[in-house]
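Tertiary structure, described
Below are the chains, spelled out letter by letter.
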Amino acid sequence: MDIRIVGVSKAFGRTGALRGLDLEISAGELIALLGPSGSGKTTLLRVIAGLEFPDTGQVYFGNEDATGLAVQERQIGFVFQHYALFKHMTVFDNIAYGLRVRRRGTATEIAARVGELLELVQLTDFAARHPRQLSGGQRQRVALARALAVDPRVLLLDEPFGALDAKIRRDLRRWLRELHDRTGHTTVFVTHDQEEAIELADRVAILNGGRIEQVGTADDIYDRPATAFVMSFVGDTSAIPVGFDGHRPSFEGRAFDTCLLGPHRGPGLFYVRPRDVEVTAPEAAAITGKVRTVHRTATGLRTQISPGTTDTLIEIELDSSAKVKAGSQVGLRFLRGRLFGVRG
Ligand SMILES: Nc1ncnc2c1ncn2[C@@H]1O[C@H](COP(=O)(O)OP(=O)(O)OP(=O)(O)O)[C@@H](O)[C@H]1O
Ligand SMILES: [Mg+2]
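Criteria and thresholds
- Residues numbered from 1 in each chain as written.
- Chains lettered and ligands numbered in written order.
- Predicted model: local features only at pLDDT ≥ 70, side-chain atom pairs only at ≥ 80, totals over all residues.
- Helix = DSSP H or I, 4+ residues; strand = E, 2+ residues; numbered from the N terminus.
- Buried ≥ 20, exposed ≤ 12 C-beta atoms within 10 Å, placed from the backbone.
- Near = placed C-beta within 6 Å.
- Nonpolar A, V, L, I, M, F, W, Y, C, P; charged D, E, K, R; others polar.
- Pairing = 2+ DSSP bridges.
- Axes fitted to C-alpha atoms, helices over the stretch in contact; angles between N-to-C directions.
- Parallel < 35°, antiparallel > 145°, perpendicular 65-115°, else oblique.
- Left-handed = near helix turned anticlockwise from the far one by under 90°.
- Contact = placed C-beta atoms within 7 Å.
- Expected span 1.5 Å × (residues − 1).
- Domains from an automatic or database assignment.
- Core = buried A, V, L, I, M, F, W, Y, C linked by C-beta atoms within 7 Å.

Bringing the overall build of the protein chain into the picture now. Within the protein chain one finds eight helices and 21 strands. Put simply, the protein chain has 344 residues, and 37% of those count as buried.

Turning to the site of ligand 1, a few remarks are in order. Near ligand 1 the following residues occur: Phe-12, Thr-15, Ala-17, Gly-35, Ser-37, Gly-38, Ser-39, Gly-40, Lys-41, Thr-42, Thr-43 and His-192. A per-element tally of the shell around ligand 1 places helix H1 (residues 41-49) first, with three residues. Residue composition of the shell around ligand 1, by class: two nonpolar, nine polar and one charged.

It is worth spelling out the sheet that holds strand E4 (residues 56-61) at this point. In space, the four strands of this open sheet follow the order E2-E1-E4-E5, with antiparallel pairing throughout. In this open sheet, the two strands that pair with only one neighbour each are strand E2 (15-25) and strand E5 (64-65). Inspection of the sheet shows strand E1 (residues 3-12) paired to E4 by five bridges, in the antiparallel sense. Paired with Ser-9 across the strands is Thr-56, a residue of E4.

The backbone of Gln-75 shows a phi angle near 55°, a positive value even though the residue is not glycine. On the basis of neighbour count, Gln-75 is assigned to the partly exposed category, with 14 C-beta atoms found within 10 Å. At Glu-252, a position not held by glycine, the phi torsion is positive, near 50°.

Viewed as axis vectors pointing N to C, helix H2 (residues 91-101) and helix H4 (residues 136-149) meet at an angle of 25°, and their least axial separation amounts to 8 Å. With respect to their mutual orientation, H2 and H4 come out roughly parallel. Between H2 and H4 lies a crossing of right-handed hand. Residues Val-91, Asn-94, Ile-95, Tyr-97, Gly-98 and Leu-99 of H2 form the contact with H4, whose own contacting residues are Val-142, Ala-145, Arg-146 and Ala-149.

All right, on to H4 then. When the terminal C-alpha atoms of H4 are compared, their 20 Å separation across 14 residues agrees well with the 20 Å that a helix rising 1.5 Å per residue should span. Most of H4 is tucked away, with 11 of its 14 residues classed as buried. Residues of H4 that are buried sit in contact with strand E6 (76-79), H2, helix H3 (107-120), strand E7 (154-158) and helix H5 (166-183). Immediately beyond the C-terminal end of H4, within one or two residues, lies Asp-151, with a positive phi of roughly 50°.

Moving on, we come to the environment of Leu-21. Considering the arrangement of structural elements, one finds Leu-21 in strand E2. Note: C-alpha distance between Leu-21 and Asp-223 (202 residues apart in sequence) is 24 Å. What Leu-21 contacts, discounting residues up to four positions off in sequence, is Ile-5, Val-8, Leu-44, Gly-210, Arg-211 and Ile-212.

Moving on: the domain arrangement of the protein chain. You can read the domains of the protein chain as domain 1 (3-231) and domain 2 (236-340). One C-alpha centre belongs to domain 1, the other to domain 2, and the line joining them spans 41 Å.

This brings us to the pairing of strand E9 (residues 203-208). When a strand is regular, its side chains alternate between the sheet's two faces. Where strand E3 (residues 30-34) meets E9, four bridges bridge the pair, whose relative direction is parallel. Paired with Ile-31 across the two strands is Arg-203, which belongs to E9. Of the strand pairs in this sheet, E9 and strand E10 (residues 211-216) are connected by five bridges, and their pairing is antiparallel. Paired with Val-204 across the two strands is Gly-216, which belongs to E10.

Attention now goes to the nonpolar core. Within the largest apolar cluster, 86 residues are counted, with the highest numbers of intra-cluster contacts made by Ala-32, Ile-48, Ile-95, Ala-145, Leu-156, Val-188 and Ile-206. In terms of residues, this core owes the most to one element, H4, which gives seven residues. In contact with Ala-32, not counting residues within four places along its chain, are Phe-189, Thr-191, Ala-197, Leu-200, Ala-201 and Val-204.

Another point: the sheet that holds E7. Spatially, the six strands line up as an open sheet ordered E6-E7-E8-E3-E9-E10, and their pairing is mixed. Each edge of the open sheet is held by one strand with a lone partner, namely E6 and E10. This sheet shows a mean twist of 15° between the axes of neighbouring strands, independent of strand direction. Bridge analysis of E6 against E7 gives four bridges, and the strand direction is parallel. Following the sheet pairing, Gly-77 is matched in E7 by Leu-155. Sheet contacts for H1: E3, E6, E7, strand E8 (186-191) and E9; angle to E7, the most-contacted strand, approximately 155°.

So, on to the environment of Thr-280. By the element assignment, Thr-280 lies in strand E16 (residues 277-280). Take Thr-280: there are 13 C-beta atoms within 10 Å of it, and that puts it in the partly exposed class. Considered as a pair, Thr-280 and Phe-340 are 60 residues apart in the sequence and their alpha carbons are 26 Å apart.

Moving on, we get to the packing of H2 against H3. Put simply, H2 and H3 touch, their axes get as near as 10 Å, and they point 130° apart. Between H2 and H3, the interaxial angle falls into the category oblique. As for the relative orientation of H2 and H3, their crossing is right-handed in sense. For the pair H2 and H3, the contacting residues are Phe-92, Ile-95, Ala-96, Leu-99 and Arg-100 in the first and Ile-110, Arg-113, Val-114, Leu-117 and Leu-118 in the second. Across the contact of H2 with H3, the residue classes tally to eight nonpolar, no polar and two charged.

Structure (structure tokens):
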């Protein structure tokens, strides 16, 4: 089912958690909400679920205006970061719970449905266990089976793997993607882990301060970041303030050659990725800088250089064979970068 969020604002006291937010989610899509802590991800999920009501704006489920619907009327499956399974119930009873309270079928029919779900989340042999006898990843799979049991129209997942260690997270992420491809539920997945968002989702919505900065595929977000925030949020960047003469950007009055990506053509901040800067002899480049730090990484060298007379640090990635020394003066060549207006 399509979900459409139109102009939704929600404040808690003076904090504007959501500020005029628009988002369209297609039926069967798996979309990730990615953003820093406090950007409004959980609030947006709760507004979609009907656990929170917007101050202004609408939420549509298909053509139906669901804005005023109570949570019970929305047919939502919800998995929280720390999902509280019923401790005194077995895995089987946890999954059956929603079906029983809604009287969805006879005991035999419910048992059959729970059996299918156990198979789907690969926990058939664990039906008789209690939550305390499961690993964290297994518990989250039970939580997911429980959310799926009532045939939700929409599946909402709020950092469901947040508490688990990196390796298990990666496995569960792939597993969830496969599960989604088989079941095709419209799914909204909250995370603040960009790798998780990009690997898992069809599209990623980047939130910042209660607004959406960009919605797009991994390629859109990485290769065509719409704002300076998106550019610096997904991957490392450095920025320097530049002027613009209509053709080339300039730094501290000296124009320099670069491949300018993106539409902005004017003064602003020039953003570069660590791999897109070359270090040369000082006399071979328009811009020079002082090497502040150099350290070895798994793939080469990482160095921080402050350009011109500034204290700004530019992060650069070099081959391990590169000859750079802390304290020395070097030339900087920016292969490509993106200009954003200061408010952009
Ligand atoms: N019930 C509440 N009462 C008061 N303020 C709230 C409430 N819920 C959220 N907020 C505030 O609204 C803003 C957005 O919170 P939200 O929980 O949506 O962020 P988030 O993106 O999920 O962050 P995180 O990644 O830390 O989970 C924050 O400033 C938060 O303090
Ligand atoms: Mg949250």
